[in-house]
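Here is how the chains run, residue by residue.
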Amino acid sequence: MGKKKQSGDSLGRSLIKDRFGSRHKSGNRSMLHTSELNDGYEWGRLNLQSVTEESSFQEFLSTAELAGTEFQAEKLNIKFVNPAVGVGLLTTDERKNVEKKHSEFKNLLKIPRRPAWDKGISADELQLREKNQFLEWRRGLATLQDEEGLLLTPYEKNLDFWRQLWRVVERSDIVAQILDARNPLLFRCEDLERYVKEVGREKQNLLILNKADFLTHAQRRTWAKYFDACQLTVAFFSATLAADDSIPEQSEDEQSEEEEEQEDEGNDSEYETEEEEEVIGDEDVSVFNGKNSAKLLGREELIALFKRLLPQDHPRVMRGVTTVGLVGYPNVGKSSTINAILKDKKVSVSATPGKTKHFQTLYVDQHLLLCDCPGLVMPSFVTTKADMVVNGILPVDQMKDHVPPVNLLATLIPREVLQAHYSIMIPKPMEGEDPDRPPTAEELLNAYGYSRGFMTQNGQPDNPRSARYVLKDLLCGRLLYCQAPPGIPQSSYHTVPVTRPRHVPQPTPAAVRAAAVNKVSGDDLDKMFFKKASLGAHSKGVQRISSGSTSQPGSVSGSTMSLNGEDKPWKNHKEKRNKKEKLRRLYRHLDVQ
């Protein structure tokens with residue numbers, strides 16, 4: 001007999017494996033290189049792993065571990081995630097209501113602060129204070145989600161990552177947030193800017209809009225004016241172009257617009273009122289220096305901006321050295337920006353969010369130092385979970401439901417652009433539907449999967465695989481969509497360029513069947529109804545049906561068979577020819593004398 005199969009592990013065994021199982025598998029790992037912090041933490045021995053999404057059970061365990069209590073003490077704070085939240089798309093009215101709620105509770109959305117400490121406090125006491133404050137911060141965000149029903153990004157839940165952010169802010173003179181220029185406000189953390197000023201009034205905030213080569217000069221100028229109103233310094237940069245030294249030269253129209261902006265900047269600075277100076281002075285000690293430029297900066301120009309952002313006599317953390325801390329969401333191009341500035345690959349780059357695990361310091365020259373912080377997903381409001389996948393906050397390869405993100409993509413990119421880009425024919429809306437509606441995820445992925453040969457074993461298009469390819473095309477810019485600043489109509493800000501569509505071959509009947517969705521139209525019902533074969537008029541007695549075969553000896557006269565006779569037309573007698581017959585019939589000729 002075989003060994004009896006175990007029914008399953010107990011709860012206690014599962015808890016032990018979840019907490020201590022990875023240690024036995026990993027073995028002795030090499031020391032990870034980090035900068036010397038001397039703040040009581042052994043950063044080199046940390047095997048950091050970003051934690052953004054947790055199940056209700058995992059969140060319960062981590063909360064209990066932070067509190068340092070038994071499990072029963074935190075049972076009332078367990079958060080059960082409704083599986084229906086964030087699935088699908090919102091209507092226009094629903095989205096407006098959600099955005100109204102976001103602006104109402106924006107001030108309650110904060111990042112964790114490092115508790116006050118001095119040299120006399122021990123490392124254990126400091127870590128205990130940090131855990132308690134971090135636990136209270138997480139409880140506050142959970143309460144905001146439960147009571148108000150708001151959806152937040154899956155913010156970083158590993159305290160060690162926030163400790164590195166605190167250290168980067170303390171060591172930096174300029175804290176630069178690297179944002180995706182296609183949707184900067186989604187990646188901007190306003191509370192981080194406030195925290196920088198809390199740590200040191202002499203510190204300066206800077207916004208670097210990476211991937212700005214996706215924007216036109218008019219779009220960059222629109223964002224420059226927006227951040228002018230916010231009294232923030234912004235720089236437009238492209239790590240990809242800077243690494244290749246291929247920053248495009250400005251056209252004559254762009255140069256004339258740049259000169260007009262500089263003239264307006266000079267005129268505005270001459271007639272700046274005392275009231276404006278007081279407002280800016282209360283907000284920022286270093287004073288906001290006029291208007292932002294919409295020019296796409298190269299490597300040398302960005303380095304020059306770092307150095308001139310602070311005056312020579314401005315206090316610094318290190319004498320004679322300007323330290324720039326680089327902070328940003330995963331997958332916004334932070335590591336690529338550092339490599340482009342250094343003209344060398346000092347930081348590993350990956351398309352998967354969260355590649356950088358430890359912060360490190362890198363000298364550009366003797367007067368400029370870069371401090372790289374691990375990619376942090378900070379808490380911010382989002383309308384649906386599909387928004388996070390489409391914008392690269394959540395990795396595409398780890399998504400569990402591909403339908404909502406692809407549905408959102410289909411609403412952002414017009415049908416004509418998708419058909420021309422992929423050389424496919426997407427099924428048109430059926431009768432009774434809105435003829436201008438965007439294609440559904442099933443319609444788009446069926447057509448894409450069949451054209452690329454992404455099929456399952458059952459002969460159906462592999463939609464999850466196709467969804468990953470289409471979403472990655474949006475993330476890398478092959479499918480371009482840029483979000484407009486607040487107050488600017490999206491239709492006037494981002495217009496889809498009219499490109500010459502590539503030749504789309506006429507789909508074959510097999511392709512039409514493969515790309516078709518499981519819907520039945522009125523025409524299909526009509527065809528099915530009238531396609532039924534008629535047996536002719538009803539008559540009493542024997543009804544004859546034409547069989548289409550030639551008459552054989554012994555068969556029914558003509559080429560007909562009787563329905564109520566022994567011959568049954570639904571039986572195929574030809575299949576019995578090769579079957580075994582009775583032996584007496586098979587050898588009957590031997591009996592004949």
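Okay, the nonpolar core next. Counting residues in each nonpolar core, the largest one holds 106 residues, and the members touching the most others are Leu165, Leu192 and Met378. Sorting elements by how many residues they give to this core places helix α5 (residues 159–171) first, with seven residues. What leucine 165 contacts, discounting residues up to four positions off in sequence, is Ile111, Leu192, Val327, Cys373, Leu376 and Met378.

Right, let's get into unusual backbone geometry. One non-glycine residue with positive phi stands out, namely lysine 211, at about 60°. With respect to the helices, strands and loops of the structure, lysine 211 is situated in the loop between β2 (204–210) and α8 (217–229). A positive phi angle, close to 60°, is found at glutamine 231, a residue other than glycine. Relative to the assigned elements, glutamine 231 resides in the loop between α8 and β3 (234–237). When its relative accessible area of 24% is taken as the criterion, glutamine 231 is described as partly exposed.

For any two helices packed against each other, one specifies the crossing angle of their axes together with the interaxial distance. Where helix α15 (residues 403–412) meets helix α17 (residues 441–452), the closest approach of the two axes is 8 Å, and the angle between their N-to-C directions is 90°. Judged on the interaxial angle alone, α17 and α15 are roughly perpendicular. Listed contacts from α17 to Val403, Val406, Asn407 and Leu409 of α15 are Ala441, Leu444 and Leu445. Looking at side-chain class alone, the contact of α15 with α17 contains six nonpolar, one polar and no charged residues.

In this structure, arginine 415 sits in helix α16 (residues 415–422). A C-alpha to C-alpha distance of 9.7 Å links arginine 415 and lysine 428, two positions 13 residues apart in sequence. If sequence neighbours within four positions are ignored, arginine 415 has contacts with Ile426, Pro427, Lys428, Pro429, Arg437, Pro438 and Pro439.

Scanning the model with the defined rule gives 21 salt bridges in all. Between arginine 114 and glutamate 130 there is a salt bridge, with its nearest N and O atoms 3.4 Å apart. On the criterion of sequence distance, the pair formed by arginine 114 in the loop between α3 (92–104) and α4 (123–148) and glutamate 130 in helix α4 is long-range, its members being 16 residues apart. Accessibility expressed as a relative area gives 12% for arginine 114, which makes it buried. Ionic pairing is found between aspartate 191 and arginine 194, a salt bridge with its closest N-O pair at 3.3 Å. On the criterion of helical spacing, the pair formed by aspartate 191 and arginine 194 is a turn pair, its members being three residues apart in helix α7 (residues 190–199). For arginine 194, a relative accessible area of 35% gives the class partly exposed. When salt bridges with common partners are traced through the structure, they connect Arg114, Glu130, Asp160, Arg163, Arg167 and Glu170 into a single cluster.

What counts, and where the lines are drawn
- Per-chain numbering applies: the sequence of each chain, read as written, is numbered from 1 onward.
- This being a predicted model, a pLDDT of at least 70 is required before a residue's local features are given, and a value of 80 or more before pairs of side-chain atoms are given or counted; all residues contribute to the totals for chains, interfaces and linings.
- Here the side-chain values reflect all heavy atoms present in the structure, with hydrogen atoms and water set aside.
- Remark: nonpolar core denotes a set of buried residues (Ala, Val, Leu, Ile, Met, Phe, Trp, Tyr, Cys) joined through side-chain atoms within 4.5 Å.
- For every residue, the accessible area obtained with a 1.4 Å probe (protein chains only) is divided by the maximum for its type, and the residue is called buried under 20%, exposed over 50%, and partly exposed between those limits.
- Numbering goes from the N terminus for both helices and strands, where a helix is a DSSP run of H or I of at least four residues and a strand is a run of E of at least two.
- In what follows, a contact means two residues having at least one pair of non-hydrogen atoms within 4.5 Å.
- Each axis is a line fitted through C-alpha atoms, and for a helix only the stretch in contact is used; angles between axes span 0 to 180 degrees, taken between their N-to-C directions.
- Any angle from 65 to 115 degrees is called roughly perpendicular, while one under 35 is roughly parallel, one over 145 is roughly antiparallel, and all others are oblique.
- Classes in brief: Ala, Val, Leu, Ile, Met, Phe, Trp, Tyr, Cys and Pro nonpolar; Asp, Glu, Lys and Arg charged; the others, Gly included, polar.
- Think of a salt bridge as a Lys or Arg side-chain nitrogen and an Asp or Glu carboxyl oxygen that are within 4 Å of each other.

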